[in-house]
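Descriptive analysis of the structure
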Amino acid sequence: MDSDEDALLAEQVAYYRAHAGEYDRPYSEREELRELLAVADDLPIVGDVLELACGTGQWTKALAARARSVTAVDASDEPLAIARARVASPHVQFVQADLFAWRPPRRYDTVFFAFWLSHVPPSRLRDFWGTVAAALAPNGRAIFIDDGPAEAAREEVLDQQSAPAVLRRLGDGSPYRVVKVFHDAGELTDELAALGWSADVRHVGGDFLVGTAEPPAMRPAPR
């Protein structure tokens, strides 16, 4: 894998570790984000749920209210510590792992990720969706929420990076690069179709994306 891309992803993890204490600020500052949290009530979240990139647990709490169980995974200990304090439930398990290397030990009825797909470099998109497909039980589906293209206006977009990226700054001004792919709903639907997925991706509330996707049909094992 590209060493420059590896370095970019390592910087992304470092940012979210350092940013953990400030992570929830946009949810208090932006009404459209608070309204977006209510979208979970209308999504087909059922059964045992795997949440990828759970961060500080903003969405984990909503998932736990709907699911039989939640396994919430994130790469960084600092956000996970906040998430564990926010969602104390015997039906919720938190796991610290690199999402590009971790493989789920079981299958789930729902795989959910909010504001994570845009942090997956294009070169790793196929493998990522392969992992999601492998994590889904029969008749399971992936559900995701993310930024749409207009959100790029809020970011400091960088040129000449190994993957689409933006520059984020902490409250003290410390700069970090993070991967940021601003997916268009129609283009993302087509990309998923090319990977064999059946997806419904739409714009909601300002410029956010909400998508549900069903994986390629399972092929019978060779005899």
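Shown above is the structure to which this text applies.
What comes next is a walk through the structure. (Residues numbered from 1 in each chain as written. Predicted model: local features only at pLDDT ≥ 70, side-chain atom pairs only at ≥ 80, totals over all residues. Heavy atoms only, no water.)

Before going further, it helps to spend a moment on the sheet that holds strand β5 (residues 136–147). Sheet architecture is open: 7 strands sit in the order β3-β2-β1-β4-β5-β10-β9, paired in mixed fashion. Of all strands in the sheet, those bounded by a partner on one side alone are β3 (92–96) and β9 (198–204). Strand-to-strand twist of the sheet, defined as the mean angle between neighbouring strand axes without regard to direction, takes the value 15 degrees. Here helix α6 (residues 125–135) sits on the sheet in contact with β1 (48–52), β4 (108–114), β5 and β10 (208–214), set at roughly 135 degrees to β5. Seen against the sheet, helix α7 (residues 185–194) touches β5, β9 and β10 and runs at an angle of roughly 170 degrees to β9. (Pairing = 2+ DSSP bridges. Helix = DSSP H or I, 4+ residues; strand = E, 2+ residues; numbered from the N terminus. Axes fitted to C-alpha atoms, helices over the stretch in contact; angles between N-to-C directions. Contact = heavy atoms within 4.5 Å.)

Examined against the element boundaries, A75 turns out to sit in the loop between β2 (69–74) and α5 (77–86). Separated by 100 residues in sequence, A75 and P175 place their C-alpha atoms 20 Å apart. With residues near it in sequence (within four places) discarded, A75 still touches V13, Q96 and A97.

Bringing the pairing of strand β8 (residues 175–179) into the picture now. Where strand β7 (residues 165–169) meets β8, 5 bridges bridge the pair, whose relative direction is antiparallel. Bridging from a neighbouring strand, V166 pairs with V178 of β8.

Time to look at the sheet that holds β8. Strand pairing in a sheet relies on backbone hydrogen bonds. The paired strands run either parallel or antiparallel. Read across the sheet, 3 strands follow the order β6-β7-β8 without closing on themselves; strand pairing throughout is antiparallel. Across the chains shown, the open sheet's two edge strands, defined by having one partner strand only, are β6 (156–158) and β8. In this sheet, neighbouring strand axes are inclined to one another by 40 degrees on average, regardless of whether the strands run parallel or antiparallel. Relative to β7, β6 is paired through 3 bridges, and the arrangement is antiparallel. Bridging across to β7, L158 finds its partner in A165. This element, helix α1 (residues 3–18), spans β7 and β8 of the sheet and lies at about 120 degrees to β8.

Here we come to the environment of P164. Mapped onto the elements, P164 comes out in the loop between β6 and β7. Along the primary structure P164 and S174 are separated by 10 residues, whereas in three dimensions their C-alpha atoms are 20 Å apart. With residues up to four places along the chain from it excluded, the contact list for P164 reads P122, V178, V179, K180 and V181.

Even without a glycine there, the phi angle at A53 is positive, about 60 degrees. With respect to the secondary-structure elements, A53 resides in the loop between β1 and α4 (58–64). What makes A53 buried here is its relative accessible area of 14%. Even without being a glycine, N139 presents a positive backbone phi close to 70 degrees. Turning to its location among the elements, N139 is positioned in strand β5. Assessed through its relative accessible area of 81%, N139 is described here as exposed. (Buried < 20%, exposed > 50% of the residue type's maximum accessible area, 1.4 Å probe, protein only.)

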